[in-house]
Amino acid sequence: MTPLSFRELQAQLQPEWSRVNQAQGPDMDVLMVPSLSMDQSQIDLVTGAHHYEERQLFSLIRLRDPGVRMVYATSKPLGELVVDAVLELLPGVPTSHARRRLHLVDTDDASNRPLTAKLLERPALLARIAELLRPGRSFINCFVVSNLEKQLSERLQVPLLGTDPALGYWGSKAGSRELFARCGVPHPPGSPLTHSLDDLTEATAELWEAHPELRQCVVKLNEGFSGEGNAPLPLAPLQLAELSGSERRRRLRQALEALPMPSPGWKEQLGPQGALVEAWLEGGEALRSPSVQGTIHPGSAGKPGLVEVLSSHEQVLGGASGQTYLGCSFPAAEPYRLALMHHGQAVGEALAKEGALERYAVDFIARRFNDRWDLQAIEVNLRQGGTTHPYMALSAITSGTLDPASGLYRAPSGQALHYKATDNLTAPHLRGLLPVDLIDIVAEAGLHFDPAQLRGSVFHLLGCLSEYGKLGMTCIGRSAEEAEEVYAATEAELLQAARRLGH
């Protein structure tokens with residue numbers, strides 16, 4: 001029998017397979033492959049990269065449906081406590097019942113490479129995985145879909161719920177700008193894609209000449225990830241207005257040569273992937289970095305799937321460039337929350353027409369001028385991201401829903417819920433703490449999530465804790481202020497307890 005192509009396999013996806021919050025849905029098997037499949041130079045920037053595979057454990061929410069079975073793949077074996085800590089949070093299903101329908105598989109390979117590459121190198125392991133998946137009732141779910149995941153789908157002959165990497169242009173910086181223009185979504189002035197330092201210099205000069213009030217711009221590699229391919233370029237110190245056209249370009253070229261881009265060897269990547277330059281948005285009385293997240297369900301009969309806006313967030317950015325994702329709070333601020341969701345819906349529908357599937361997100365800059373907020377779209381992400389797993393955690397442990405009229409998430413009681421989340425709670429004296437120590441500390445302090453009170457903390461990246469002193473957490477409350485209080489109390493208690501224990 002001739003193997004099916006990736007596109008033919010994706011045609012088998014059923015619309016209802018992407019519905020996560022179902023108490024009773026179709027019998028199906030899900031293969032979770034939470035691989036950080038990206039450029040190796042970007043993986044090398046992530047501390048404890050293979051532990052990030054734990055972030056998708058909140059996808060175990062699907063096991064609330066008794067007809068769902070899941071195979072969860074990781075690089076190294078997951079600790080029982082790490083898995084049970086998530087299963088015990090799922091309301092309405094005994095942990096033992098969910099655990100019987102969960103199969104954990106691993107490659108026993110902690111190297112700093114994509115999990116999917118490790119799976120493809122192990123045909124015997126793939127054969128065992130294939131035996132666990134029922135034909136016609138199975139699909140693959142991933143953090144990001146690259147050509148590696150495409151190969152995995154074709155090797156297993158199992159459809160993948162995610163955007164074909166052939167459509168990756170729409171998640172690039174240039175593709176994002178094209179989508180924004182098509183959808184009428186406001187976005188900053190910027191340049192076309194360039195593929196050499198000379199062309200990038202010319203594009204920067206032309207951007208400044210069209211907008212001489214610019215004090216700074218930002219250079220973006222077309223396929224940069226999590227801000228690591230972005231770098232601000234100050235223009236004011238260059239005194240461009242005082243220079244002739246040729247001298248202006250010479251000085252810009254020198255500045256670009258010395259640009260401190262977080263992504264190493266970025267100039268060598270200009271040819272293959274390209275870069276563009278955008279206006280750096282500043283001014284106003286406040287500056288924020290909100291985002292909106294949605295999903296595109298599989299369509300039927302060749303029609304685009306339904307687009308569902310899932311959440312809005314305020315992102316916390318930092319790092320050397322000030323543009324690396326560190327954490328988030330949910331939901332986005334009320335003055336522009338519904339506008340974010342409106343823009344997210346428009347971009348999602350445009351992506352659906354192009355054939356995109358599953359998670360996408362749109363990042364914005366919000367600036368306040370007196371009582372008016374100005375929203376400008378920055379980029380589209382065609383994958384799961386840093387705001388995906390905190391929202392999955394909230395959904396997994398509360399069984400609530402998003403109210404599209406307000407953008408608030410409401411528990412079944414009607415109570416609105418908020419959270420603050422991070423992937424980067426890091427401190428030297430957290431090193432050496434084991435996951436069981438963490439659970440003990442939080443339980444004794446009464447800071448673990450309490451379903452009766454609808455407040456408390458849930459954790460991820462537990463595998464990073466002992467080796468790297470790094471932890472992720474989502475802190476939930478009934479107001480933004482309460483979520484902040486839970487976050488501050490949890491952080492303080494963990495650090496104090498670690499000091500008491502002599503770490």
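I will try to describe carefully the structure that is included in this document. (Residues numbered from 1 in each chain as written. Predicted model: local features only at pLDDT ≥ 70, side-chain atom pairs only at ≥ 80, totals over all residues. Heavy atoms only, no water.)

**Concerning the pattern of salt bridges**
Pairs may arise between side chains of opposite charge once their charged atoms sit close together. Evaluation of the coordinates by the stated rule reveals 30 salt bridges. The residue D29 makes a salt bridge to R69 at a minimum N-O spacing of 3.0 Å. Of this pair, D29 sits in strand 1 (residues 28–33) while R69 sits in strand 2 (residues 68–74), placing them 40 residues apart in sequence. Looking at D29, the relative accessible area reads 1%, which means it is buried. With its nearest N and O atoms 3.4 Å apart, the salt bridge here joins E80 to R99. One end of the pair, E80, is in helix 3 (residues 80–87); the other, R99, is in helix 4 (residues 95–100), and 19 residues separate them in sequence. E80 gets classed as partly exposed once you look at its relative accessible area, which sits at 46%. On the basis of relative accessibility, which here comes to 23%, the residue R99 falls in the partly exposed class. (Salt bridge = Lys/Arg side-chain N within 4 Å of Asp/Glu carboxyl O. Helix = DSSP H or I, 4+ residues; strand = E, 2+ residues; numbered from the N terminus. Buried < 20%, exposed > 50% of the residue type's maximum accessible area, 1.4 Å probe, protein only.)

**Comments concerning unusual backbone geometry**
Cis peptide bonds are those with omega within 30 degrees of zero, and the linkage from F330 to P331 qualifies with -5 degrees. With respect to the helices and strands, the residue P331 is situated in the loop between strand 12 (324–330) and helix 12 (334–354). Positioned with a positive phi, Q157 is a non-glycine residue whose angle comes to about 60 degrees. Using a relative accessible area of 29% as the deciding quantity, one classes Q157 as partly exposed. The phi dihedral of Q239 falls on the positive side, at around 50 degrees, and the residue is not glycine. Here Q239 lies in the loop between strand 7 (230–234) and helix 10 (245–257). Residue classification places Q239 among the partly exposed positions, given a relative accessible area of 44%.

**Side note on the pairing of strand 17 (residues 416–426)**
Counting buried residues in strand 17 gives nine out of 11 residues, a clear majority hidden from the surface. Of the pairings in the sheet, the one linking strand 12 to strand 17 comprises four bridges and is antiparallel in character. In the strand pairing of strand 17, S329 is matched with K420. As paired elements, strand 16 (residues 408–410) and strand 17 share two bridges and run antiparallel to each other. (Pairing = 2+ DSSP bridges.)

**Quick notes on the side chain of K118**
Looking at the element boundaries, K118 is found in helix 5 (residues 115–120). Summary of buried charges: K118 has no salt-bridge partner, and the nearest side chain of opposite charge, D109, is 4.3 Å away. With sequence-adjacent residues up to four places away left out, K118 is seen in contact with S75, T107, D109, A110, S111 and R113. (Lys, Arg positive; Asp, Glu negative; His and termini not counted. Contact = heavy atoms within 4.5 Å.)

**Topic: the packing of aromatic side chains**
Across all of its chains, the model carries six aromatic pairs by this definition. With 5.7 Å between their ring centres and 15 degrees between their planes, W17 and F139 make a pair best called stacked. With W17 in the loop between helix 1 (6–10) and strand 1 and F139 in strand 4 (residues 138–142), this residue pair connects regions lying 122 residues apart in the sequence. Accessibility classification places W17 together with F139 in one group, the buried group. Relative to W373, the ring of Y336 lies with its centre 5.1 Å away and its plane at 65 degrees, an arrangement referred to as edge-to-face. Placement of Y336 in helix 12 and of W373 in strand 14 (residues 372–381) is noted, with a sequence separation of 37 residues between them. Residue Y336 is classed as buried on the basis of its relative accessible area, which comes to 2%. By relative accessible area, which is 17% here, W373 ends up buried. Linked through ring pairs, F330, Y391, Y409 and Y419 together constitute an aromatic cluster. Taking NZ or CZ as reference, K420 lies 4.2 Å from the ring centre of Y487, over its face. (Phe/Tyr/Trp six-rings, centres within 6.5 Å; stacked < 30°, edge-to-face > 60°. Lys NZ or Arg CZ within 6 Å of the ring centre and 35° of its normal.)

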